[in-house]
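Structural characterization, general
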Amino acid sequence: MLEVKDLKVNYGMIQAVKGINFKVNDGNIVALIGANGAGKTTTMHTISGLLKANEGSIVFDDIDISKISANKIVSNGIIQCPEGRRVFAQQTVEENLKLGAYLRKDSLEEDLNYVFDLFPRLKERRKQLAGTLSGGEQQMLAMGRALMSKPKLLLLDEPSMGLSPLLVKEIFSIIKEINSQGVTVLLVEQNAKMALDIADYAYVIETGKIVLEGTGKELVSSEKVQKAYLGG
């Protein structure tokens, strides 16, 4: 579904991503793990069109999207759920969800009900201002808003950030459920253990380069990954 080839991305004179290659197969959960500053979010922003690549290509459904605008990428079916949630604080939960479907011209009722089934707490708070929600509820809202665009490929950037261990388990369980409904997921995550537990395939990125790859199970049992990311 997605193939990133020889991707290089600069911030001014600094090369943040240094020629990485990876694939996301249709129907899979693929994880990018690594420390802060490794280049994970830069890669995600480049796929979604928020940043432009200096070199390389990003091919989605046989189309090179590396030069097209972010809104066109959204209309092609790639939706990013950003790090830090970025909900519209002065809009209600329901208004936030409807804003996620701004490109759609069809009825939203079925998808609103789907999101409310996934996240019952959002249904309870549908008329509440998003800025008054807890961190975990805002993460659920950000994910629900992304799903309202009917993504083919959902980009999740640090969905566990700042959440309690109990909520992290709940969020990752919901990611698996979303995937089981046919949505392909590319997950950027510092919580390597949780990411690898649900990933079909994963890549380890360090200082802008991919240094290791394998199935989630293979990387969980890798001595290098255990030492660097799992406290082993």
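In this text, all values refer to a predicted model and were calculated from it rather than measured experimentally. (Residues numbered from 1 in each chain as written. Predicted model: local features only at pLDDT ≥ 70, side-chain atom pairs only at ≥ 80, totals over all residues. Heavy atoms only, no water.)

**So, the sheet that holds strand β10 (residues 209–214)**
In sheet architecture, strand pairing relies on hydrogen bonds along the backbone and comes in two forms, parallel and antiparallel. Pairing is mixed across the open sheet formed by 6 strands, whose spatial order is β6-β7-β8-β3-β9-β10. Either end of the sheet is taken by a strand with one partner, and the two such strands are β6 (78–81) and β10. With strand direction ignored, the average angle separating the axes of adjacent strands in the sheet is 20 degrees. Bridge analysis of strand β3 (residues 29–33) against strand β9 (residues 201–206) gives 4 bridges, and the strand direction is parallel. Counted as the bridge partner of V30 is Y201 from β9. Each of β3, β6, β7 (153–157), β8 (184–189) and β9 is contacted by helix α1 (residues 40–47), which is oriented at about 145 degrees to β8, the strand it contacts most. Sheet strands in contact with helix α6 (residues 135–147) are β6 and β7, and its direction is about 170 degrees off that of β6. (Pairing = 2+ DSSP bridges. Helix = DSSP H or I, 4+ residues; strand = E, 2+ residues; numbered from the N terminus. Axes fitted to C-alpha atoms, helices over the stretch in contact; angles between N-to-C directions. Contact = heavy atoms within 4.5 Å.)

**Digging into α1**
Counting buried positions along α1 yields 7 of 8 residues, so the element is predominantly enclosed. Listed as buried for α1 are K40, T42, T43, M44, H45, T46 and I47. A positive phi of about 90 degrees marks G49, the residue just after α1. (Buried < 20%, exposed > 50% of the residue type's maximum accessible area, 1.4 Å probe, protein only.)

**Here we look at the packing of aromatic side chains**
Aromatic rings in a pair are described by how distant their centres are and how their planes are angled relative to each other. The full count for this structure, using the stated rule, is 2 aromatic pairs. Taking the centre distance of 5.5 Å and the plane angle of 55 degrees together, the rings of F22 and Y203 count as tilted. Of this pair, F22 sits in strand β2 (residues 14–24) while Y203 is found in strand β9, placing the two residues 181 residues apart along the sequence. Here F22 falls in the buried class, since its relative accessible area comes to 2%. (Phe/Tyr/Trp six-rings, centres within 6.5 Å; stacked < 30°, edge-to-face > 60°.)

**Considerations on unusual backbone geometry**
Even without glycine at this site, E158 takes up a positive phi of about 55 degrees. Mapping E158 onto the fold places it in the loop between β7 and α7 (165–180). Given a relative accessible area of 5%, E158 falls into the buried group.

**A word on the environment of A130**
Note on placement: A130 falls in the loop between α5 (120–124) and α6. Excluding its chain neighbours within four sequence positions, the residues that come into contact with A130 are V87, F88, A89, Q91, T92, V93, N96, Q138 and L141.

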